[in-house]
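Understanding the architecture of this molecule
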Amino acid sequence: MNLSSLSVTLSQFSAFALFFSFSGCHPFKSRYAMDDREYAAKYHEGAEKEDVLGKVKQAVDARHVKGLGGWFVSGGGQFLAKSDAPIVGAEVGYECYPTSYYSQRISGLLMSDSNQGFAGMDVGARFQTPTRLAPFVGVGMYNGFSRGEIDSDRDGLDNDDDKAIDEEGEKKSIVDGYILAVYPEFGAHFWLNGSGRITLYTRYFVTSEGRAQDQWVLGGQATIFSR
Ligand SMILES: [Ca+2]
Ligand SMILES: [Ca+2]
């Protein structure tokens, strides 16, 4: 595992958690989602102290998520990196719940390493348990443009700004093609309250660039939902 990309991901994730803790969420309340009107209608009278099963039910129930939709930010990095310059990426998108156990999303995604980059659109779907801590499996598809490098040692230009023109091995960065990737995904969501959700995921990108370019990506996501 590439420790630098993992630590980037983990620090992003803890930043999300910090953000939510400062925004007034109470991660350890058994009636954790009282800010959601459907959850609140169901559990406005909390379970009695001795009603252990009732307490557990209200602490884990996340069926109220049906009908929610919200914006998210997401970031991740390649692990099991095949080079010294692991790919990192960032997304902004929208996710919604047609049912309590199924979500769909769409996002704009930027990925890059030191030599090449990709910009495009990502769509995906996830099946999860309708619970506060919700493991999920999903599939997704990414469409975008890739950047790559070509030789440029004969064009009379200093393409890499090293004060030498057309030195041996000089390269320049260009948009070199279209990339399609599909991926299976698994991970877990955790609802901080009735509307804030954090997510850890891992994806295996299978790309149109060939099997040598396939890669595992580990990432985190923070989403704020509303009805
Ligand atoms: Ca040069
Ligand atoms: Ca040149």
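All of these numbers come straight from a predicted model, not from anything done at the bench. (Residues numbered from 1 in each chain as written. Chains lettered and ligands numbered in written order. Predicted model: local features only at pLDDT ≥ 70, side-chain atom pairs only at ≥ 80, totals over all residues.)

Things to note about the overall build of the protein chain
Each helix and strand counted, the protein chain has 3 helices and 8 strands in total. Each helix and strand of the protein chain, placed in order from N terminus to C terminus, yields the pattern α-α-α-β-β-β-β-β-β-β-β. Out of the 227 residues belonging to the protein chain, those deemed buried represent 31%. Sequence separation of at least 24 residues holds for 59% of the intrachain contacts in the protein chain that already meet a minimum separation of 6. (Helix = DSSP H or I, 4+ residues; strand = E, 2+ residues; numbered from the N terminus. Buried ≥ 20, exposed ≤ 12 C-beta atoms within 10 Å, placed from the backbone. Contact = placed C-beta atoms within 7 Å.)

Description of the sheet that holds strand 8 (residues 215-226)
Pairing in this closed barrel of 8 strands is antiparallel, and the strands run 1-2-3-4-5-6-7-8 around the ring. Strand-to-strand twist in this sheet, taken as the mean axis angle between neighbours without regard to direction, amounts to 25 degrees. Here strand 7 (residues 196-207) pairs with strand 8 via 10 bridges, running antiparallel. Residue pairing for strand 8: Leu200 is matched across the bridge by Gly220. (Pairing = 2+ DSSP bridges. Axes fitted to C-alpha atoms, helices over the stretch in contact; angles between N-to-C directions.)

A closer look at the nonpolar core
Ranked by internal contacts, the top residues of the largest apolar core, which has 15 residues, are Ala33, Ala62, Val65, Leu68 and Trp191. In this view, Leu68 contacts Cys96, Tyr97, Phe225, Ser226 and Arg227; residues no more than four positions away in its chain are not counted. Counting residues in hydrophobic clusters, the runner-up holds 13 residues, among them Val88, Met111, Tyr142 and Val217. (Core = buried A, V, L, I, M, F, W, Y, C linked by C-beta atoms within 7 Å.)

Remarks on the environment of Gly187
Mapped onto the secondary structure, Gly187 falls in strand 6 (residues 171-191). Given 20 C-beta atoms within 10 Å, Gly187 falls into the buried group. Setting aside residues up to four positions removed in sequence, Gly187 forms contacts with Phe136, Thr199, Leu200, Tyr201 and Thr202.

Looking at the pairing of strand 6
Inspection of the sheet shows strand 5 (residues 133-151) paired to strand 6 by 19 bridges, in the antiparallel sense. Note that in strand 6 the partner of Met141 across the bridge is Val182. In this structure, strand 6 lies alongside strand 7, joined through 9 bridges in antiparallel fashion. Within strand 7, the residue paired with Glu185 across the bridge is Arg203. Connecting strand 6 to the next strand, strand 7, in antiparallel fashion are 4 residues.

Thoughts on the environment of Leu110
Within the secondary structure, Leu110 sits in strand 3 (residues 102-112). For the pair Leu110 and Gly89, spaced 21 residues apart in the sequence, the C-alpha separation amounts to 5.4 Å. In contact with Leu110, not counting residues within four places along its chain, are Gly89, Ala90 and Ala119.

Some remarks on the pairing of strand 2 (residues 88-99)
In this structure, strand 1 (residues 69-79) lies alongside strand 2, joined through 9 bridges in antiparallel fashion. Across the sheet, the residue bridging to Gly77 is Val88, located in strand 2. The pairing of strand 2 with strand 3 spans 10 bridges and is antiparallel. Across the sheet, the residue bridging to Glu95 is Arg105, located in strand 3. Hairpin connection between strand 2 and strand 3: a loop of 2 residues separates the two successive antiparallel strands.

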